[in-house]
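Analysis of the macromolecular model
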Amino acid sequence: QSWAVVPDFTHHAHTASLSAIAVNSRYVVTGSKDETIHIYDMKKKIEHGALLQHNGTVTCLEFYGTSHLLSGAEDGLICIWNTKRWECLKSIKAHKGHVTSLSIHPSGKLALSVGTDKTLRTWNLVEGRSAFIKNLKQNAHIIKWSPSGEKYVTVITNKVDVYKLDTASITGTITTEKRISSLTFITDSILALAGDDEIVRLFNCDSQKCLCEFKAHENRIKDIYSFEREGQHVIVTASSDGYIKMWNLDINKIKNLPSLLGKVDTKARLTCLAVWFDQALEVKENPDKAATTSPANEEEKSLLVRKDCWTDKNDKKAKTDGKNTPEKRKLETPLKKKKKKLKSS
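- If you check an unreviewed UniProt entry, the chain appears there as p21-activated protein kinase-interacting protein 1-like from Tinamus guttatus.
- UniProt lists a comment for the chain under the heading Subcellular location (unreviewed entry), and it reads "Nucleus, Nucleolus".

Written as structure tokens, this is what we have:
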């Protein structure tokens, strides 16, 4: 059954082209060359506001559940945002050059980033500090955790290095003819690559063998996204030719080329892509599955990250205990004095 694709919400917020996009269960955020991040509430279909912390093109954005957003930019900063109040909790000088890509571990305890200073950096998000620095021979422009978090990959031009988490060493390398512009994990062991040609290639991460390849567009592919819904694996591609296409992939018959589910000509020069799911629709369609993917469950998952990890030790406001705020102290002091007077009398 083919999918019909129709425009649902359009907004012209940025003054320059978009360079990054991320989604969670409620919001879509976009980063741009105009140095701003714009927030859109997809449930209300309105623009929610803008974040102005970076000085330089916003290069990467990634949500952690419903609680935090990480952003990276050409100013070398990684900013950690609280998505309840949309305040910047911490700004880290992550790289001497630009931050080119970042990825948060599924547990929320670690993050990886790469930059133009030829380093791969591991961030301890529990304590909010740098944990490990690895020097690379060249600048990597993509880094990505696998769904399980047991491995991660880096991309340098046309080469993908696969790392194992427990050893932090390269277990294999995948090389393509053209530059790789985007990748996505279909499963923990199957990786989809796209780049400066019109072909999507699927590789096995463990054996580094090409499982299949297919021509997806008439021009280079700018971004690729994948998701699983009711046992169906879907690949979404966006190209410079202006088309967004959705492909059905049969994991059990991976050598069979994916079938086209639907496409739309956006009449625009596409730069990045993300897929947002309407949680309300998901509940109606599959109430059993909704219990495992509800925003409440995501909130529980995000509590793995200690609340104090995002605060700056130099910030006096951050030092105040949430249970004993200055306002509460003012109220408690006269009460204590009254109790003392009562005891003495």
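Concerning the overall build of the chain
- In terms of regular secondary structure, the chain is built from five helices and 24 strands.
- Here the chain holds 345 residues, and the buried ones make up 46% of them.
- Taking the contacts inside the chain whose residues are at least 6 apart along the sequence as the reference set, 40% of them involve residues at least 24 apart.

Points about the environment of Leu-51
- Relative to the assigned elements, Leu-51 resides in strand 4 (residues 46-51).
- With 35 residues separating them in the primary sequence, Leu-51 and Trp-86 have C-alpha atoms 7.8 Å apart.
- Discounting residues that sit within four places of it in the chain, Leu-51 has contacts with Thr-36, Ile-37, Ile-39, Leu-69, Trp-81 and Trp-86.

Comments concerning the sheet that holds strand 22 (residues 232-239)
- Judged by pairing direction, the sheet is antiparallel, and its four strands sit side by side in the order 21-22-23-24 without closing on themselves. Edge positions in the open sheet fall to strand 21 (221-229) and strand 24 (259-265), since each of these has one partner strand only. Strand-to-strand twist of the sheet, defined as the mean angle between neighbouring strand axes without regard to direction, takes the value 15°.
- As judged from the six bridges shared by strand 22 and strand 23 (residues 243-249), these two strands associate in the antiparallel manner.

A look at the UniProt feature "repeat: WD" (unreviewed entry) in the chain
- Per the UniProt record, the feature "repeat: WD" (unreviewed entry) sits at residues 11-43, 51-91, 92-133 and 214-250.
- As a span, residues 11-43 carries 0% helix and 52% strand, and end to end its C-alpha atoms are 15 Å apart.
- For the annotated span residues 214-250, helix accounts for 0% and strand for 70% of the residues, and the straight-line distance between the end C-alpha atoms is 14 Å.

Describing the nonpolar core
- If you look at the biggest cluster of nonpolar residues, it comprises 15 residues, and the most contacted ones within it are Ile-186, Val-200, Leu-202, Ala-216, Ile-224, Ile-235 and Leu-249.
- Among the secondary structure elements, those contributing two or more residues to this core are strand 18 (190-195), strand 19 (199-204), strand 20 (210-215), strand 21 and strand 23.
- In terms of residue count, the dominant contributor to this core is strand 18 (three residues).
- Not counting residues within four places of it along the chain, the set of residues in contact with Val-200 comprises Leu-193, Ala-194, Cys-212, Glu-213, Phe-214, Ala-216, Ile-221, Ile-224 and Thr-237.
- Residues Val-29, Ile-39, Leu-51 and Val-58 belong to the second largest nonpolar core, which totals 14 residues.

Observations concerning the sheet that holds strand 12 (residues 129-135)
- Read across the open sheet, the four strands follow the order 9-10-11-12; overall the sheet is antiparallel. Whereas interior strands pair on both sides, the edge strands pair on one side only; in this sheet they are strand 9 (99-104) and strand 12. Strand-to-strand twist across the sheet, computed as the mean angle between neighbouring axes with direction ignored, equals 20°.
- In this sheet, strand 10 (residues 110-115) lies alongside strand 9 in antiparallel orientation, the contact comprising five bridges. Bridged to Ser-103 within strand 10 is Leu-112.

Comments concerning unusual backbone geometry
- The backbone phi angle of Lys-118 is positive, close to 60°, even though this residue is not glycine.
- Mapped onto the fold, Lys-118 is located in the loop between strand 10 and strand 11 (119-124).
- With a relative accessible area of 40%, Lys-118 lands in the partly exposed category.
- In the Ramachandran plot, Thr-157 falls in the positive-phi region, its phi being about 55° despite a non-glycine side chain.
- Of the residues examined, Thr-157 reaches a relative accessible area of 38% and is grouped as partly exposed.

Notes on the packing of aromatic side chains
- Per the counting criterion, the structure on display carries seven aromatic pairs.
- The interplanar angle of 65° and the centroid separation of 6.1 Å between the aromatic rings of Phe-9 and Tyr-40 together place this pair among those described as edge-to-face. Here Phe-9 is found in the segment before strand 1 (18-23), whereas its partner Tyr-40 is found in strand 3 (residues 37-41), with 31 residues between them in sequence.
- Judged by its relative accessible area of 27%, Phe-9 is partly exposed.
- Residue classification places Tyr-40 among the buried positions, given a relative accessible area of 6%.
- Each member of the aromatic cluster is reached from another via a ring pair, and the members are Tyr-27, Phe-63 and Trp-86.
- If you follow Lys-245 out to its NZ or CZ, it ends over the ring of Tyr-243, 5.8 Å from the centre.

Describing the pattern of salt bridges
- Within the structure shown, the criterion is met by eleven salt bridges.
- The salt bridge partner of Lys-151 is Asp-206, with a shortest N-O separation of 3.9 Å. Of this pair, Lys-151 sits in strand 14 (residues 151-156) while Asp-206 sits in the loop between strand 19 and strand 20, placing them 55 residues apart in sequence.
- Under the relative-accessibility criterion, Asp-206 is labelled exposed at 52%.
- The salt bridge involving Arg-220 is made with Asp-196; its shortest N-O contact spans 4.0 Å. One end of the pair, Arg-220, is in the loop between strand 20 and strand 21; the other, Asp-196, is in the loop between strand 18 and strand 19, and 24 residues separate them in sequence.
- The exposure class assigned to Arg-220 is partly exposed, which follows from its relative accessible area of 31%.
- Given the relative accessible area of 28%, Asp-196 is considered partly exposed.
- What emerges from the salt-bridge pattern is a single network uniting Lys-151, Asp-188 and Asp-206.

About the thresholds
- Residues numbered from 1 in each chain as written.
- Predicted model: local features only at pLDDT ≥ 70, side-chain atom pairs only at ≥ 80, totals over all residues.
- Heavy atoms only, no water.
- UniProt positions renumbered as here; feature names shortened; annotations may be inferred.
- Helix = DSSP H or I, 4+ residues; strand = E, 2+ residues; numbered from the N terminus.
- Buried < 20%, exposed > 50% of the residue type's maximum accessible area, 1.4 Å probe, protein only.
- Contact = heavy atoms within 4.5 Å.
- Pairing = 2+ DSSP bridges.
- Axes fitted to C-alpha atoms, helices over the stretch in contact; angles between N-to-C directions.
- Core = buried A, V, L, I, M, F, W, Y, C linked by side-chain atoms within 4.5 Å.
- Phe/Tyr/Trp six-rings, centres within 6.5 Å; stacked < 30°, edge-to-face > 60°.
- Lys NZ or Arg CZ within 6 Å of the ring centre and 35° of its normal.
- Salt bridge = Lys/Arg side-chain N within 4 Å of Asp/Glu carboxyl O.

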